[in-house]
Amino acid sequence: MRFKVSIFRARRISLQRIGLALLTATAIVVGGNLYYSRYALAGDDPSFMVPEKLDAKIEEIFQARLTPLDTGSLSAQVPGGDGYDDIKGEDIHHYLRELTQFSQASKSDGNVLWGRIQGSKYELEATQHVQQYFEEWGLENILLESFPVFRPVWSPTTIELTINGDGDQEDVRLMTAMTAWPSGVTSLEGLTAPLEYVGLGSPADLRGKDLAGKIALLYVHTFEGVLMHGGYGPAIRLVKEYGAAGVILWYDAPGNDTYAGVMYDRYGTMKTVPWTNIGFTDGVYLRKRLERSSLENPPLVNLKIVGRMRSDLTSQNLMAELPGSSDQTIMITAHIDGFFNAALDNGTGVAALMALARHYSAIPREHRAYNLFFLVTGDHEATGAGGMINFIRSNQTILKKTVLAIQLEHLASPGVTKEMNVITLTNSEAPRMLMITNQSPWLQEAFVEAANRYGIVMHQGSISEYAGDVKGLSMAEVDIPAAGWIEIGHYYHNSSDAPELISSHALQNMTHAYASIIDKVGRDGIEGIRKGGQTSSSKFSSSRDGLVMGSMW
């Protein structure tokens, strides 16, 4: 089903995509400057409602001032005559919807952190589902290879955040609380402690703060979805240097969605205290409760995190081949595990891989210039490349024949615009970042040509790093160039991420674009892939990211 209506669909799919609009009369805009109204300052604040009621009020205002438009989609313009008529958007979208059914089964079974979680039966069953298609289409040397997860996997059973009632205030449980990365745990009764707002958690924000025995509310700036955010260093600082008993990461992402927020922590500090992340409107409510309390009697919150690290889990890789007329191989890969519906990350990549496998399986071997090797990996999310690392360890023969790795990751996320903390969808997809590890001029040109032909919105530049699961190739003995588009954005690790947000036209154009690049390699030969290129980068995180996230914040 094609998603068409930008504003109307954004409103209809979920109230929780609508963040705190300052249009609620807590503030007015005069002459381009923001002035708080007299009654808001006096405490008669109409935005002081429990999050669900605030969202409903914002929706009412939002709906009244906007008219839905059937703008269509720029990606609906699908070029013809390219030889890929059998790669159809509706088929790819069907594969995507099937994959999300395994995630929905996880949710229905009552898992707190639900989805095609690595090491779970849902990840396995989804992979076996793809295997059945490979067998139906006649791919060769199909192998489902199991392996122990690369690192222990965080498995929570309880995640709850409640602000206790005080006087005329009621107990309110904040429903967006989620802890998807390793955390310290509490008893079944949880940790009850005073709440302390610490702003951005910088040393300047923390001057004079005593956080011992308190739960810190940290305002977190998100750069690109909840993958890149400003909470990494500050959260560790709150615990390690200021002794916070717990941490709440309040994301500034518009709306009030639940996020499987990332918390990379090489020091293991965040495993020593309970922590969680929450959506924007939930954070507003916490802050306003604080504003109405005295310094002597801050509100109490109860943070309940129960779970454990599991090393007894097994993940798997699915491998299949389509032999060609050469002994050299092009690898096409995508990871299948993911949080929540995992439609964007990475059902879209697996669905596109399936469409490519079906397309090339119908082409006679003698017309396939190279071997095509399809690799669907597991054990990605918490480790970054667990499936690929395991593949490398046991498949050196294949790697030595591989001349190019194509990574299919995060395809066709809808474009969004943010206006005063309100999210609306646009009539194009989100811009993709191109990542080419060896910065081959030939590959750069091939991707740009494909983007121009198929209407793919992309950044004007390419990054010399591994995207997604292929970063595991940096551990291989051979230097294999890897390339692919990737997009993070608002719906990354977002509970609202769903197939209905993904355009079948955009999926079709993206898959056609990748097929055209694969075929261009077949026509022109592999020489251009390495000519003028550099040695592939072995680092995923750049020094820029470390400077911004680790130092500025």
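Here the structure is shown first, and the text comes after it.
Read on for an overview of the structure.

The rules behind the values
Note that residues are indexed from 1 along each chain, following the sequence as it is written. In keeping with the model being predicted, local features are shown solely for residues with a pLDDT of at least 70 and side-chain atom pairs are shown and tallied solely at 80 or more, while totals for entire chains, interfaces and linings include all residues. Note: side-chain values were computed over all heavy atoms of the structure, leaving out hydrogens and water. Salt bridge, as applied in this entry: a Lys or Arg side-chain nitrogen positioned within 4 Å of an Asp or Glu carboxyl oxygen. Strands are runs of DSSP state E lasting at least two residues, helices are runs of H or I lasting at least four, and both sets are numbered from the N terminus onward. Burial here depends on accessible area, computed with a 1.4 Å probe over protein chains only, as a share of the maximum for the residue type. Under 20% is buried, over 50% is exposed, and the range in between is partly exposed.

1. Remarks on the pattern of salt bridges
Piece 1. Here the structure, examined in full by the defined rule, presents 13 salt bridges.
Piece 2. A salt bridge links Lys 304 to Glu 160; the shortest N-O distance between them is 3.7 Å. Residue Lys 304 is found in strand S13 (residues 300-310), and its partner Glu 160 is found in strand S5 (residues 153-163); the two are separated by 144 residues along the sequence.
Piece 3. Judged by its relative accessible area of 18%, Lys 304 is buried.
Piece 4. Judged by its relative accessible area of 23%, Glu 160 falls in the partly exposed class.
Piece 5. A salt bridge links Asp 312 to Arg 310; the nearest nitrogen and oxygen atoms lie 3.1 Å apart.
Piece 6. The structure contains a network of salt bridges with shared partners spanning Glu 160, Arg 173 and Lys 304.

2. Brief notes about the environment of Gly 386
Piece 1. Here Gly 386 shows up in helix H9 (residues 386-394).
Piece 2. What makes Gly 386 buried here is its relative accessible area of 1%.
Piece 3. Distance in space between the C-alpha atoms of Gly 386 and Ser 315 is 8.9 Å, their sequence separation being 71 residues.

3. Digging into unusual backbone geometry
What is expected of a backbone is that most residues other than glycine have negative phi and most peptide bonds are trans.
Piece 1. Along the chain, Asp 345 connects to Asn 346 via a cis peptide bond; the corresponding omega equals 10 degrees.
Piece 2. Of note in the backbone geometry, Gln 439 takes a positive phi value of approximately 50 degrees without being a glycine.
Piece 3. Position of Gln 439 relative to the elements: it lies in the loop between strand S21 (432-436) and helix H11 (441-454).
Piece 4. If you check the backbone angles, His 493 has positive phi at about 55 degrees while not being a glycine.
Piece 5. Assignment of secondary structure puts His 493 in the loop between strand S23 (482-486) and helix H12 (504-524).
Piece 6. On the basis of relative accessibility, which here comes to 3%, the residue His 493 falls in the buried class.

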